[in-house]
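Residue-level listing of the chains:
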Amino acid sequence: MDKATHMDSETLLDHEIRPALLRGFQDGYRWQDVTCRPYKEDGAALFRDISRQVLFEDPALECELRYFEMAASGYSTLERHEHAHGVMILRGHGRCLLGDAVREVAPFDLVRIPSLMWHQFRASASEPLGFLCMVNRLRDRPQLPSEADLADLRAIPAVAAFLAG
Ligand code: MN
């Protein structure tokens, strides 16, 4: 290797490869050079006060890892899909709907969401709720509940209370 080639590879290491290999954790549950996409409230109130950061989306991996965070009293979309989720709570407290059950969640709890299970997360009124969510890189689009699906869910008292906020 001549000197010029050697210097080129050093330049690559310093300016292109290293930043992609390590992204530092920053204040406010942000990661270096990761875009934070905030969602605004939507008219149908399907979700509220939630942001998303995609931490890993490498074509060499079969999965993606995202960080979702909802503000106090915020909630994620009520949905289901063929793909599964693996979730780890990172900050805050709240509740999640898992099929016909409502469960409390706290930091470092693990939540497994199987294929086609209705699910939704709600932050407590006092603090944000943030979690890591692992998902297939190639996946189907989420399905939203029909009125009939919502009626079935509301027939379960604990679920009705959860959906009412
Ligand atoms: Mn989902």
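Source: prediction; values computed, not measured.

Draft legend 1. Inspection of unusual backbone geometry at higher detail. In this structure, D33 takes a positive phi of about 65° despite not being glycine. By the element assignment, D33 lies in the loop between β2 (30-31) and β3 (36-38). Residue classification places D33 among the exposed residues on the basis of a relative accessible area of 59%. Phi angles above zero are rare outside glycine, and D49 is one such case at about 55°.

Draft legend 2. Structural detail: the coordination of the manganese ion. The protein atoms that coordinate the manganese ion are E79 (OE), H81 (NE2), H85 (NE2) and H119 (NE2), at distances spanning 1.9 to 2.3 Å. Read in sequence order, the donor residues for the manganese ion give the motif E-x1-H-x3-H-x33-H. Note that H81 is positioned in the loop between β5 (63-75) and β6 (85-91) and H119 in strand β10 (residues 119-123), a separation of 38 residues in sequence. Both residues of the pair, H81 and H119, belong to the buried class.

Draft legend 3. Expanded view of the packing of aromatic side chains. A complete count under the given rule lists six aromatic pairs for this structure. Aromatic pair F25 and W31: ring centres 5.1 Å apart, planes at 55°, arrangement tilted. On the basis of relative accessible area, F25 is assigned to the exposed category, the value being 52%. Each residue in the set F25, Y29, W31 and Y67 is aromatic and connected to the rest through ring pairs, giving one cluster. Taking the ring centre of Y75 as reference, the NZ or CZ of R122 above it sits at 4.4 Å. Here the basic side chain of R122 rests over the ring of F162, its NZ or CZ set 5.2 Å away from the ring centre.

The rules behind these values
Residues numbered from 1 in each chain as written. Predicted model: local features only at pLDDT ≥ 70, side-chain atom pairs only at ≥ 80, totals over all residues. Heavy atoms only, no water. Helix = DSSP H or I, 4+ residues; strand = E, 2+ residues; numbered from the N terminus. Buried < 20%, exposed > 50% of the residue type's maximum accessible area, 1.4 Å probe, protein only. Donors = N, O, S within 2.8 Å, 3.2 Å for Na, K, Ca; no water. Phe/Tyr/Trp six-rings, centres within 6.5 Å; stacked < 30°, edge-to-face > 60°. Lys NZ or Arg CZ within 6 Å of the ring centre and 35° of its normal.

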